[in-house]
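# Inside the fold
Next come the chains, spelled out residue by residue.
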Amino acid sequence: MPRNNRFLLSVLGVIIILLFAILINIFVPVTPSNKPQTPPGSQPRGEQSPGPGGQEPHWGVQTKTAGCRANGPLQDTACTPGAIFSGATAEQICTPGYASSMRNVPQSVKREVYDEYDIARRTPGQYQVDHLVSLQLGGSNDIANLWPEAARPTPGFHEKDKVETYLHDEVCDGHLSLKGAQIAIATNWLSVYNRMPARLKEPGYGGDGEDFSFTA
């Protein structure tokens, strides 16, 4: 066979192989074994994170009940992991008057909260016995959900009051799940505060919150 013919046949063979490979890529269905994988840490399109915050706490489980120390504006998570009414729903917490109807913390428990954090002396307005997960977000009155939150330095309990109102509004407006709001405020309410729009940090938003000071 002439050399030119052999060369043309070789070129034609390469073209046929390339066309065959292209056709396989077009028509072979994607299966779990050859489906492109989502890079670690990324969020697949169409799926949304359950909400801001970290890993869900072990609700109501205190691993320490003495020598508690606040971490700046945040609670000691070993003493105050947070606790919730497990049956609370978004519909319930969005009903006016829900939070006030659920409040039930006797003075003896408030004293115990201060004792856990070794706070023997305090001035009026210096601390607020705070529901970590606020009642308006389905938090409970369990001592695992209570801690003495300081007003100063800021952000302090006045600023957390705004976070509680903000997350409550987000849940009731359908922008965030109740579980997501509970996890967010229990794991790092300060992170939520830092992400809030500036207008919601102004005086007047959130009122005085739903918690209470205790200085006696």
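Scroll up to find the structure.
Residues numbered from 1 in each chain as written. Predicted model: local features only at pLDDT ≥ 70, side-chain atom pairs only at ≥ 80, totals over all residues. Heavy atoms only, no water.

## Concerning the overall build of the protein chain
In terms of helices and strands, the protein chain carries six helices and two strands. When the helices and strands of the protein chain are placed in sequence order, the string is α-α-α-α-β-β-α-α. Summed over its atoms, the accessible surface of the protein chain is roughly 12900 Å², and 57% of this surface lies on carbon and sulfur atoms. (Helix = DSSP H or I, 4+ residues; strand = E, 2+ residues; numbered from the N terminus. Areas by Shrake-Rupley, 256 points an atom, 1.4 Å probe, with all protein chains shown as cover.)

## Description of the environment of aspartate 115
Tracing the backbone through its elements, the reader meets aspartate 115 in helix α4 (residues 107–116). Its relative accessible area of 54% is what places aspartate 115 among the exposed residues. For the pair aspartate 115 and glycine 67, spaced 48 residues apart in sequence, the C-alpha separation works out to 8.6 Å. (Buried < 20%, exposed > 50% of the residue type's maximum accessible area, 1.4 Å probe, protein only.)

## Considering the packing of helix α5 (residues 157–172) against helix α6 (residues 178–195)
Closest axis-to-axis distance for the α5/α6 pair is 10 Å, and the angle between their directions is 150°. One finds that α5 runs roughly antiparallel with respect to α6. Read as a crossing pair, α5 and α6 show a hand that is right-handed. Here α5 contributes Glu159, Lys160, Val163, Glu164, Tyr166, Leu167 and Val171 to the contact with α6, which in turn contributes Leu178, Ala181, Ile185, Trp189, Val192 and Tyr193. (Axes fitted to C-alpha atoms, helices over the stretch in contact; angles between N-to-C directions. Parallel < 35°, antiparallel > 145°, perpendicular 65-115°, else oblique. Left-handed = near helix turned anticlockwise from the far one by under 90°. Contact = heavy atoms within 4.5 Å.)

## A few points about the state of the cysteines
For the structure shown, the criterion picks out two disulfides. Each disulfide pairs two cysteine sulfurs, and for cysteine 68 the partner residue is cysteine 79, the sulfurs being separated by 2.0 Å. Residues cysteine 68 and cysteine 79 are joined by a disulfide whose S-S torsion is about -95°; by sign, that bridge is left-handed. Pair noted here: cysteine 68 is in the loop between α1 (3–27) and α2 (90–93) and cysteine 79 is in the loop between α1 and α2, with a separation of 11 residues, a long-range link. Neither residue differs from the other here; cysteine 68 and cysteine 79 are each classed as buried. In this model cysteine 94 forms its disulfide with cysteine 172; the gap between the sulfur atoms is 2.0 Å. Disulfide cysteine 94-cysteine 172: torsion about the S-S bond near -100°, hence left-handed. Of the two residues, cysteine 94 sits in the loop between α2 and α3 (98–102) while cysteine 172 sits in helix α5, which places them 78 residues apart along the sequence. On the basis of relative accessibility, which here comes to 29%, the residue cysteine 94 falls in the partly exposed class. (Disulfide = S-S within 2.5 Å.)

## What to know about the pattern of salt bridges
Within this structure, the stated rule accounts for five salt bridges. Its salt-bridge partner being lysine 179, residue glutamate 56 comes within 3.1 Å of it at the nearest N-O pair. Here lysine 179 lies in helix α6 and glutamate 56 lies in the loop between α1 and α2, a separation of 123 residues in the sequence. The partner of aspartate 76 in a salt bridge is lysine 64, with the nearest N and O atoms 3.0 Å apart. (Salt bridge = Lys/Arg side-chain N within 4 Å of Asp/Glu carboxyl O.)

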